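# Commentary on secondary and tertiary structure
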There are 6 protein chains.
Amino acid sequence: MTRLTRRYRFSASHRLHTASLTEEGNRELYGKCNYPYGHGHNYELEVSVRGNVDPSSGMLVRVEDLDKLVAGRVIRDMDHRDLNGDVVEFARLVPTTENLAEVVRSRLKAAWAGTFGASGVELDGIRIRETGKNIVELRS
Amino acid sequence: MTRLTRRYRFSASHRLHTASLTEEGNRELYGKCNYPYGHGHNYELEVSVRGNVDPSSGMLVRVEDLDKLVAGRVIRDMDHRDLNGDVVEFARLVPTTENLAEVVRSRLKAAWAGTFGASGVELDGIRIRETGKNIVELRS
Amino acid sequence: MTRLTRRYRFSASHRLHTASLTEEGNRELYGKCNYPYGHGHNYELEVSVRGNVDPSSGMLVRVEDLDKLVAGRVIRDMDHRDLNGDVVEFARLVPTTENLAEVVRSRLKAAWAGTFGASGVELDGIRIRETGKNIVELRS
Amino acid sequence: MTRLTRRYRFSASHRLHTASLTEEGNRELYGKCNYPYGHGHNYELEVSVRGNVDPSSGMLVRVEDLDKLVAGRVIRDMDHRDLNGDVVEFARLVPTTENLAEVVRSRLKAAWAGTFGASGVELDGIRIRETGKNIVELRS
Amino acid sequence: MTRLTRRYRFSASHRLHTASLTEEGNRELYGKCNYPYGHGHNYELEVSVRGNVDPSSGMLVRVEDLDKLVAGRVIRDMDHRDLNGDVVEFARLVPTTENLAEVVRSRLKAAWAGTFGASGVELDGIRIRETGKNIVELRS
Amino acid sequence: MTRLTRRYRFSASHRLHTASLTEEGNRELYGKCNYPYGHGHNYELEVSVRGNVDPSSGMLVRVEDLDKLVAGRVIRDMDHRDLNGDVVEFARLVPTTENLAEVVRSRLKAAWAGTFGASGVELDGIRIRETGKNIVELRS
């Protein structure tokens, strides 16, 4: 079993705020991440796939295929965008890094079979680095 | 002449848009940096000072003094903030990295004498890294 | 199951030397890490927690809670300190990176329930980077 | 169970090309990695070992032993070399990162018992970073 | 005067060898960089421009213009290429990092006026990082 | 004029303390850098040389010559050492990064002519990174 990881980057803004709490409750829970006008990050996304190397090509996947999938399902909608305003899942979901990871995984899973169904290669997991101090990972 | 550089970080959002152009002109000039809801970055700020090392302490400056100046004049107003909405200079100035660098330099210069006036230590310059691919520098 | 990792840094000195060996045996075993006056590193500590994301907050833990735990149990005693002279566990234990990792894990485990007991969030593991070439990890 | 990882670097060239495809098939499969004169990378290799820390030394392995093994079996033959022309396994194997990882693992496994047989320390896995965007991992 | 720096990457192979020396002289002068089949690197290129910020756009240059110039004159010919075999200047010039920097500067200078002639923005210099240990810079 | 920079690393411990101040004065001036048992860092040293590229070799200097000079004059005495206890200049000089930079420059200058006297290549300057947040530079 071989694992291959590709790294992507996107720059986005967000604001942590939930309708289920008062203004004061939001400030207490999210601190400076709740400032009214929002803020932003250079997000780093790692997508890992696992499977068996194709003996004829010596490759697990064509990285162009993976890049195209991630570009079309994630980067196009999130790069230079505001997560709260531009990404439909966050209309009713707080765009924490944990929820962002879940949205990214869910989008990739939904489209996986269309690209990699025949190959037997699986999505192993994703990792999102929000800042140099903060990483969230999901196994898939 | 010795030069000391300190590195700071802040996460902010912004949108590039100027009132002097049409919507279409803005889109053409700023591209994806003009998307309506904005986006954001993990900014990295380097502040360099130059001068003579104090022979008794072996130090150019007390880094706590520099940190306090930068925190009070720059980080407090910009970290986890929206440059367009939260930083007064950008009410009428497009928050490009070039203009951001000028705003940071200008704020530090204005407060410099109050902290370092007696020491003879000067602000040498600043450097702002917006992403891993983009750096703007100003000598002071 | 989501995993969140926070990165911390501390600068410490240490000397590798064991009373169970002769001077010559120590030099042979630890090489330059046995030099008599010691040396030091900028340690990088990653602490990973795992559990289920709280659907109302969208967060696994409040990172402030984790930061406070790590600061109080690890950073306060180790940053800008000498591991041999300042950290009580190393009075009789050689401060190799392997032992340091065990001490950090043990300290966090002992205090875990006090901070995260009610939440069901567990310590997943820790990772200590001593230099750019050397990493030790413990699963918890 | 403790895991220790060491990081090594080597600079090598390679060309992706397989005799089982036509020139055009190679160009389509490998893209710019198939350019006729080849190209190269600064490879970063991480080797992880797992086992129990020796209570008397406080160490999992002597890193000099691991370094010597990796230097003799991998770095000596690959650093500043052309993978296709200089590394015997690639006479009939395409030097993709996936195959390179397998060759490195295989070489280390074959020599493992000679160095670490008595210690009970096992090869946990390896990780090769070809560029900042591409990583391949193998568990052992 | 503001300075803006953009970072680019390309992966290339090369071999250091000069016709003016014997085989033995080449081996002595260039060491492992003279191995017969060559080797390669992930080169990192920084291009710096200096000038006055356009007050209406708040920008020194449109980075797309700079990216296009660098892509067309440097990256297209050097990425995933062999410097000795694919880059015409190195038919008679040893592709050391020093000479590579000169070739890159010369190519950018030759095309500068066509892109930036009207703007008054000048090429400030370039920096090439061959490995994490080796950097060559040229002011322009 | 070409500039070449080489990066070196060494791990050392130190304590900031001056005999010209009381214990309390030392604590106030140096803060946690004055803790009695000292602490340490992974120092990163960049040495830059400038001059004209030798047209026959295509090189500014043989990096082996520079590496040997830096190893013999700096790394050998400082790596895995305690600056206060092991480096003679710090018997009466506080080992701040500023003073450390001056000691390194002074050692390199003193030995420069012996290695590079005939070549016309000059020491351009040095840069010492103590942590990811702190850099000191000296032009030579």
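In what follows, the accompanying structure is described. None of these values were measured; they are calculated from a predicted model.

Analysis parameters
- Residues numbered from 1 in each chain as written.
- Chains lettered and ligands numbered in written order.
- Predicted model: local features only at pLDDT ≥ 70, side-chain atom pairs only at ≥ 80, totals over all residues.
- Heavy atoms only, no water.
- Buried < 20%, exposed > 50% of the residue type's maximum accessible area, 1.4 Å probe, protein only.
- Helix = DSSP H or I, 4+ residues; strand = E, 2+ residues; numbered from the N terminus.
- Pairing = 2+ DSSP bridges.
- Axes fitted to C-alpha atoms, helices over the stretch in contact; angles between N-to-C directions.
- Parallel < 35°, antiparallel > 145°, perpendicular 65-115°, else oblique.
- Left-handed = near helix turned anticlockwise from the far one by under 90°.
- Contact = heavy atoms within 4.5 Å.
- Nonpolar A, V, L, I, M, F, W, Y, C, P; charged D, E, K, R; others polar.
- Arc of directions from axis to C-beta.
- Buried area = accessible area lost by both parts, 1.4 Å probe.
- Salt bridge = Lys/Arg side-chain N within 4 Å of Asp/Glu carboxyl O.
- Least-squares fit on C-alpha atoms with pLDDT ≥ 70 in both.
- Polar contact = N/O pair within 3.5 Å; in protein donor to acceptor, adjacent residues only side chain to side chain.

Residues and elements named next belong to chain B. Buried residues dominate strand 2 (residues 39-51), accounting for 13 of its 13 residues. Burial along strand 2 is two-sided: the face carrying H39, H41, Y43, L45, V47, V49 and G51 and the face carrying G40, N42, E44, E46, S48 and R50 are both buried. Judged from the 13 bridges that link them, strand 1 (residues 2-14) and strand 2 form a sheet pairing that is antiparallel. Across the sheet, R3 pairs through a bridge with R50, a residue of strand 2. Pairing analysis gives seven bridges linking strand 2 to strand 4 (residues 122-131), with the strands arranged antiparallel. Its bridge partner lying in strand 4, R50 is registered against E122.

What follows covers the packing of helix 2 (residues 63-78) of chain F against helix 4 (residues 97-116) of chain F. All names here are of chain F. The contact between helix 2 and helix 4 brings their axes to 10 Å, and the two run at 140 degrees. Accordingly, the angle class assigned to the pair helix 2 and helix 4 is oblique. In the packing of helix 2 onto helix 4, the handedness of the crossing is right-handed. Here D65, L66, L69, V70, R73, V74, D77 and M78 of helix 2 come into contact with helix 4, specifically with L100, V103, V104, R107, L108, A111, W112, T115 and F116. Here the contact of helix 2 with helix 4 is composed, by residue class, of 12 nonpolar, one polar and four charged.

Residues and elements named next belong to chain F. Along helix 1 (residues 23-30), the residues that are buried comprise G25, N26, L29 and Y30. Buried residues of helix 1 fall within an arc of 105 degrees about the axis and therefore sit on the same side. The exposed residues of helix 1 that point more than 90 degrees off its buried face are E24 and E28. Residue G31 follows helix 1 closely and has a positive phi angle near 55 degrees.

Here we come to the interface of chain D and chain E. With 20 residues of chain D at the contact, the number on the chain E side is 20 residues. Between chain D and chain E, the buried area comes to about 1700 Å², and carbon and sulfur atoms account for 53% of it. For the chain D face of the interface with chain E, the top three residues by lost area are Y37, N42 and H80 of chain D, together amounting to 34%. Applying the counting criterion to the chain D and chain E interface returns two salt bridges. Among the elements that take part in the side of chain D that touches chain E, strand 2 (residues 39-51) of chain D stands out by supplying four residues, more than any other. For the side of chain D that touches chain E, a count of residues per class yields four nonpolar, 10 polar and six charged.

Below, the discussion takes up the relation of the copies chain B and chain A. One copy of the chain maps onto the other through a rotation about an axis plus a displacement along that axis. If you rotate chain B by 180 degrees and push it 0.0 Å along the axis, it lands on chain A with an RMSD of 0.0 Å. With respect to symmetry, the two chain copies, as superposed, fit the operation of a two-fold axis. The share of interface residues of chain B whose copies in chain A are also at the interface is 100%, consistent with both copies meeting through the same surface.

Contacts between the two partners involve 20 residues from chain B, matched on the other side by 20 residues from chain A. A buried area of about 1700 Å², summed over both sides, lies between chain B and chain A, and 53% of it is on carbon and sulfur atoms. When the buried area of chain B at its contact with chain A is split by residue, Y37, N42 and H80 of chain B rank highest and sum to 34% of it. Linking chain B with chain A are 14 residue pairs in polar contact (both at pLDDT 80 or more), by the criterion used here. Counting only elements with at least two residues in the side of chain B that touches chain A, the list comes to strand 1, strand 2, strand 3 (81-82), helix 3 (83-86) and strand 4 of chain B.

Residue and element names in this part refer to chain C. The residue D65 is located in helix 2 (residues 63-78) in this model. When its relative accessible area of 31% is taken as the criterion, D65 is described as partly exposed. C-alpha separation for the pair D65 and S13, spaced 52 residues apart in sequence, amounts to 28 Å.

A separate point is the environment of T115 of chain C. With respect to the helices, strands and loops of the structure, T115 of chain C is situated in helix 4 (residues 97-116). Once residues lying within four places of it in the same chain are set aside, the contact partners of T115 of chain C are D65 and L69 of chain C.

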